[in-house]
Amino acid sequence: MAERDAEVLGCADGRLSLRLLGSACEGCVGGCGGRCNVFAGNDGVVELEVPPGSVHPPGQRLRLAMDDAALRQAAWRGYGRVLLGLLAGAAAGQALGHALDFHADALSLAGLVLGTFVAARFSKPRLPGPVLTPAGADETRENTTES
């Protein structure tokens, strides 16, 4: 599971602005498989959409978490579908070129570009977001269990 602690900078109009805390690769044992960069942001600041009415006061510490199944699904949506769009577009352009007996290579290239663009356009908005929990909730739960 990819996790990262963050501090709330502001929350308005369904947008949550967070400053990432600590190092991206804290706690990696045996390699992280790229999970360290899941929550990368511009200058350590990440913007997320939150449900309307969510209250996150500035200074509150939160933990961003995304499980491995969601990461694999996001990789498929982000890369796999685009690759399939690239291949399907190129094949459709090639078939059209041969059917029309008109520059199959040029139509294959046009189909490749169009297929990639369409697949990328329709796969990106569906990427999952991280789960937000108060930072320290896991430690509190572990301490009360041990008592």
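In what follows, the structure referred to is the one given above.
All of these numbers come straight from a predicted model, not from anything done at the bench. (Residues numbered from 1 in each chain as written. Predicted model: local features only at pLDDT ≥ 70, side-chain atom pairs only at ≥ 80, totals over all residues. Heavy atoms only, no water.)

A. Molecular detail of the sheet that holds strand S5 (residues 131–134). Here five strands make up an open sheet; going across it, the order is S3-S2-S1-S4-S5 and the pairing antiparallel. Each of the sheet's edge strands pairs with one partner strand only, and the pair in question is strand S3 (45–49) and S5. Pairwise comparison of adjacent strand axes, ignoring direction, gives a mean angle of 40 degrees for this sheet. Bridging between strand S4 (residues 61–66) and S5 involves four bridges; their strand directions are antiparallel. If you follow alanine 65 over to S5, its bridge partner there is valine 131. (Pairing = 2+ DSSP bridges. Helix = DSSP H or I, 4+ residues; strand = E, 2+ residues; numbered from the N terminus. Axes fitted to C-alpha atoms, helices over the stretch in contact; angles between N-to-C directions.)

B. The packing of helix H1 (residues 68–100) against helix H2 (residues 104–123), seen in detail. Interhelical geometry of H1 versus H2 gives an angle of 150 degrees and a closest axis separation of 6 Å. Relative to H2, H1 is oriented roughly antiparallel. Crossing angle aside, the handedness with which H1 passes H2 is right-handed. Residues Arg77, Arg81, Val82, Gly85, Leu86, Gly89, Ala90, Gly93, Gln94, Leu96, Gly97 and His98 of H1 pack against Ala104, Asp105, Leu107, Ser108, Gly111, Leu112, Gly115, Thr116, Ala119, Ala120 and Ser123 of H2. (Parallel < 35°, antiparallel > 145°, perpendicular 65-115°, else oblique. Left-handed = near helix turned anticlockwise from the far one by under 90°. Contact = heavy atoms within 4.5 Å.)

C. Spotlight on the pattern of salt bridges. Overall, the coordinates contain four salt bridges when judged by the stated rule. Across the pair aspartate 5 and arginine 63 runs a salt bridge, and its minimum N-O distance is 2.8 Å. Taken together, the residues aspartate 5 in strand S1 (residues 2–12) and arginine 63 in strand S4 connect sequence positions 58 residues apart. Between arginine 15 and glutamate 49 there is a salt bridge whose closest N-O contact spans 3.7 Å. You can see arginine 15 sitting in strand S2 (residues 15–20) and its partner glutamate 49 sitting in strand S3, a full 34 residues away along the chain. The exposure class of arginine 15 is partly exposed, given its relative accessible area of 33%. (Salt bridge = Lys/Arg side-chain N within 4 Å of Asp/Glu carboxyl O. Buried < 20%, exposed > 50% of the residue type's maximum accessible area, 1.4 Å probe, protein only.)

D. Region of interest: the nonpolar core. The biggest cluster of nonpolar side chains holds ten residues, and these are Ala6, Val8, Leu16, Leu18, Leu20, Val46, Leu48, Val50, Leu62 and Leu64. Among the elements of the structure, S1, S2, S3 and S4 are those that each provide at least two residues to this core. Of the residues forming this core, the biggest block, three residues, is contributed by S2. The contact partners of valine 50, leaving out residues within four places of it in the chain, are Cys11, Gly14, Arg15, Leu16 and Leu132. (Core = buried A, V, L, I, M, F, W, Y, C linked by side-chain atoms within 4.5 Å.)

E. Representation of a nonpolar patch on the surface. A cluster of nonpolar side chains, namely Leu114, Phe117, Val118 and Phe122, defines an oily patch on the protein surface of about 430 Å² accessible area. If you trace the backbone, valine 118 turns up in helix H2. For valine 118, a relative accessible area of 37% corresponds to the partly exposed category. (Patch = residues over 30% accessible without salt bridge, like charges linked within 9 Å, V, L, I, M, F, W, Y side chains within 5 Å. Areas by Shrake-Rupley, 256 points an atom, 1.4 Å probe, with all protein chains shown as cover.)

Just geometry here; none of it tells us what the structure is for.
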